[in-house]
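Structural features, examined
Below are the chains, spelled out letter by letter.
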Amino acid sequence: MNKVTEMTEPTDTLCVDDLFPHNWILHHPMYLQMQNLDVEDGAQVHAAFLVYMDLTEVRHWKDVSSLKCPELQVVLLEGREKEGAPVQSILPLPVHQDLIHKSVRTVLDRGFPMLLCVVASDSTLVYQRMTDGFVTPDPPAGQIQDHGRRQHRKRRQQH
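Heads up: these notes are all about the structure in this document.

Conventions we followed
- Residues numbered from 1 in each chain as written.
- Predicted model: local features only at pLDDT ≥ 70, side-chain atom pairs only at ≥ 80, totals over all residues.
- Heavy atoms only, no water.
- Helix = DSSP H or I, 4+ residues; strand = E, 2+ residues; numbered from the N terminus.
- Buried < 20%, exposed > 50% of the residue type's maximum accessible area, 1.4 Å probe, protein only.
- Contact = heavy atoms within 4.5 Å.
- Areas by Shrake-Rupley, 256 points an atom, 1.4 Å probe, with all protein chains shown as cover.
- Phe/Tyr/Trp six-rings, centres within 6.5 Å; stacked < 30°, edge-to-face > 60°.
- Salt bridge = Lys/Arg side-chain N within 4 Å of Asp/Glu carboxyl O.
- Core = buried A, V, L, I, M, F, W, Y, C linked by side-chain atoms within 4.5 Å.

A few points about the overall build of the protein chain
Within the protein chain one finds five helices and five strands. Going residue by residue from the N terminus, the α and β elements of the protein chain occur as α-α-α-α-β-β-β-α-β-β. The buried share among the 159 residues of the protein chain stands at 31%. Taking the contacts inside the protein chain whose residues are at least 6 apart along the sequence as the reference set, 47% of them involve residues at least 24 apart. Accessible area of the protein chain: about 11900 Å², with a carbon and sulfur share of 52%.

The following block contains the structure:
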């Protein structure tokens, strides 16, 4: 007899789904906490949970928590990229949901740096850092030289 059947009565059989339920997300404490925030959009709650799992389990962020944004009726996440780093707000957004300026403005007005995380239907996550205004890009590394290639281009002849 294998160990699974030894733990049960002879007439009972233990299914693999009982040991490893396929809907484990529905029982995860953080998912349950997000559901208790009373956000109506279940797809956004699911997206927030997937982002939470990525930040905590894959990227090893610290102090990640969820909260309800009453103005937008969404779950926001807050966390630190590493110990001692500033708190950041994360807006998880299912790919089918529209993003409007008001949403970005509301999250930025909280006073923390913001990450937008778009969640595709296959659970692919794409992060985009959002800022309050334009950010000047860093200059390219190393020397940039003009090798005079422009002078060799043929000019359009005017007739």
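Some remarks on the packing of aromatic side chains
Evaluated as defined, the whole model comprises three aromatic pairs. Their ring planes at 80° and their centres at 5.6 Å tell us that Tyr31 and Phe49 sit as a pair that is edge-to-face. Taken together, the residues Tyr31 in helix H3 (residues 29–35) and Phe49 in helix H4 (residues 42–58) connect sequence positions 18 residues apart.

Some words on the pattern of salt bridges
Scanning the model with the defined rule gives five salt bridges in all. Linking Arg59 and Asp54 is a salt bridge whose minimum nitrogen-to-oxygen distance equals 2.7 Å. With its nearest N and O atoms 2.7 Å apart, the salt bridge here joins Glu78 to Arg110. You can see Glu78 sitting in strand E2 (residues 74–80) and its partner Arg110 sitting in the loop between helix H5 (101–108) and strand E4 (114–119), a full 32 residues away along the chain. Because the salt bridges share partners, they merge into one network encompassing Arg105, Asp109 and Asp132.

Side note on the nonpolar core
The nonpolar side chains of a soluble globular protein tend to be buried with one another. By size, the foremost hydrophobic cluster in this structure holds 23 residues, and its most contacted members are Met34, Phe49, Tyr52 and Ile90. Only H3, H4, E2 and E4 provide two or more residues apiece to this core. In terms of residue count, the dominant contributor to this core is H4 (nine residues). If near-sequence neighbours (up to four positions away) are discounted, Phe49 is found in contact with Trp24, Ile25, His28, Met30, Tyr31 and Met34. Judged by nonpolar contacts, the second largest core, of eleven residues, contains Leu76, Leu91, Leu93 and Met114.

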